[in-house]
Amino acid sequence: MSDSKLRVLSGIRASGKLHIGNYYGAIKGMLELQQDDAYETFYMVADAHGITTPYEIEKIKAEKLDVILDYLAAGLDPEKSTVFIQSMVPAHYELSYFFSSVITVARMQHLPTFKEKVKQYPENATMALLNYPVLMAADILIYHASRVPVGQDQEPHLEVAREISRKFNALYGTNFPEPTVFRTKGSYVPSLTGEGKMSKSVEGSYISLRDDLETIKSVLAKVPTDSGKGEILPESGSVANLLTFVDLFMGEQAYKHYADLYTGAGIRYSDLKAELAGAIFAELQPFQQKRAELVANPTYVNKVIVEGAAKATEVANATVDDVRSRIGMGYTF
Ligand code: TYM
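Residues numbered from 1 in each chain as written. Predicted model: local features only at pLDDT ≥ 70, side-chain atom pairs only at ≥ 80, totals over all residues. Heavy atoms only, no water.

### Remarks on the overall build of the protein
- Counting its regular elements, the protein contains 13 helices and five strands.
- Here the protein has a C-alpha radius of gyration of 21 Å; the compact-globule value for 333 residues is 20 Å, and the two agree.
- Here the protein, with 333 residues, has 49% of them falling under the buried criterion.
- Put simply, of all contacts in the protein between residues at least 6 apart along the chain, 77% involve residues at least 24 apart.
- Total accessible area on the protein is roughly 16,000 Å²; 53% of this is exposed by carbon and sulfur atoms.
- Averaged over its 34 positive side-chain charges, the protein has a centre that lies 2 Å from the centre of its 41 negative ones. (Helix = DSSP H or I, 4+ residues; strand = E, 2+ residues; numbered from the N terminus. Rg over C-alpha atoms; globule rule 2.2 N^0.38 Å. Buried < 20%, exposed > 50% of the residue type's maximum accessible area, 1.4 Å probe, protein only. Contact = heavy atoms within 4.5 Å. Areas by Shrake-Rupley, 256 points an atom, 1.4 Å probe, with all protein chains shown as cover. Lys, Arg positive; Asp, Glu negative; His and termini not counted. Charge placed at Lys NZ, Arg CZ, Asp CG, Glu CD.)

### What to know about the environment of Met-44
- Relative to the elements of secondary structure, Met-44 occurs in strand β2 (residues 39–46).
- In this structure Met-44 comes out as buried when scored by relative accessible area, which is 2%.
- Residues Met-44 and Val-118 lie 74 residues apart in sequence; the distance between their C-alpha atoms is 25 Å.

### Topic: the site of the ligand
- Among the 29 residues in the neighbourhood of the ligand, the closest are listed as Arg-13, Asp-139, Gly-151, Asp-153 and Val-189.
- Interatomic distance of 2.8 Å between a backbone N/O atom of Val-189 and a nitrogen atom of the ligand.
- If the ligand stood free it would expose 720 Å²; the protein chains cover 98% of that surface.
- Residue assignment for the shell around the ligand shows that the elements contributing at least two residues are β1 (6–13), α1 (20–35), β2 and α7 (132–141).
- A per-element tally of the shell around the ligand places β1 first, with five residues.
- Looking at the shell around the ligand residue by residue, the class counts come to 13 nonpolar, eleven polar and five charged. (Near = heavy atom within 4 Å. Polar contact = N/O pair within 3.5 Å; in protein donor to acceptor, adjacent residues only side chain to side chain. Nonpolar A, V, L, I, M, F, W, Y, C, P; charged D, E, K, R; others polar.)

### Quick word on the side chain of Asp-211
- Structurally, Asp-211 can be placed in the loop between β5 (180–182) and α9 (213–221).
- Buried Asp-211, no salt bridge; nearest opposite-charge side chain is Lys-17, N-O distance 5.4 Å.
- In terms of polar contacts, Asp-211 uses its side chain to reach the backbone amide nitrogen of Ser-208, at 2.9 Å.
- Ignoring any residue separated from it by four or fewer positions in sequence, one finds Asp-211 in contact with Ile-216, Phe-281 and Gln-288. (Salt bridge = Lys/Arg side-chain N within 4 Å of Asp/Glu carboxyl O.)

### Section: the nonpolar core
- Ranked by internal contacts, the top residues of the largest apolar core, which has 61 residues, are Ile-27, Tyr-71, Ile-207, Leu-220, Phe-249 and Leu-276.
- In terms of residues, this core owes the most to one element, helix α12 (residues 269–295), which gives ten residues.
- In this structure, this core is formed jointly by two domains, domain 1 (6–188 + 297–326) and domain 2 (213–292), each of which donates at least three residues.
- With sequence-adjacent residues up to four places away left out, Leu-276 is seen in contact with Leu-220, Leu-242, Phe-245, Val-246, Phe-249 and Met-250.
- Core analysis: the second largest hydrophobic core is formed by 41 residues, Leu-9, Phe-98, Val-150 and Ala-312 among them. (Core = buried A, V, L, I, M, F, W, Y, C linked by side-chain atoms within 4.5 Å. Domains from an automatic or database assignment.)

### A closer look at the domain arrangement of the protein
- Split by domain assignment, the protein resolves into domain 1 (6–188 + 297–326) and domain 2 (213–292).
- Each of domain 1 and domain 2 was reduced to a C-alpha centroid, and the two centroids are 32 Å apart.
- Buried area between domain 1 and domain 2, both sides added, is near 1,000 Å², and the carbon and sulfur share of it is 60%.
- Of all residues in domain 1, the largest losses of buried area upon contact with domain 2 belong to Ile-20, Tyr-24 and Ala-73, amounting jointly to 49% of the total for that side. (Buried area = accessible area lost by both parts, 1.4 Å probe.)

Quick look at the structure:
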């Protein structure tokens, strides 16, 4: 570890299968920064964030392992990045508690993500849910991370982390950075339904990283289309979104080809969907193969998890020890 390197942290909740929105919005950015020598990268599974909404114990146990497997299969390399499970580094909770003393309830209640979840789970507007962004700030700042590869939807949470960082530094003389989002080309992957973003909680909106060709074809088959022709290219809705996927998976040239067809001879959506399904599957296939190999090698995966937690704990504990003494907690003889 070197002090001159900038730190990076990111995480994905342990809930459900990862989809291509997670891949483009977060994992691609994680991979890019892992490859860059200027950065020291920490990537975690946010299982503790998974209990901020109703959950099942056995499911969360399986799903956190799924995210670790997805991370490794996508190319996160434990030789280069510290890959770990959030709840195995309990210092995050302690820092989160200290942070909660510098941010108001009103500020948390106004966050769009909080409002959405309260609407979704009206009976479960818990303190953990309200505290979600504060724990996220602790996840990031405990490693003094200044870059955070996440999708566009996480920007309001990063704003909270910057606010907490500023307040804490001003009050206690700490040197937390003000973390910023590291954006990828796919920082907002739209939903296949044509409305909003791709999300694991909306059936039909996503393609999972583990889908086979037939599943991808059948998900794409359900995407609503139009006559395939028009004077101007639609800027929103499911046709616009299909073209975004063409751009992401088949490149700019293919995008231009289909865009020209739309305003010219017309798109045959059966062709577009077949080509797109093939391109998506081609990108996912090496990932799926690598994942199957990892599933067959639990000894290796367990070693990654144990070593990742140990490395993360060392850094995280040093931060919390310092904070504790600065803010007058603990006891000095
Ligand atoms: P989560 O699990 O909701 O999402 C994981 C990552 O995937 C991105 N993402 C998308 N990007 C583009 N288009 C989409 N349709 C799309 N859907 C999801 C999200 O932006 C995110 O980057 N709060 C985080 C987990 C977390 C975290 C952290 C992240 C906990 N602590 C500390 C960074 C740093 C979350 O909800 O992830």
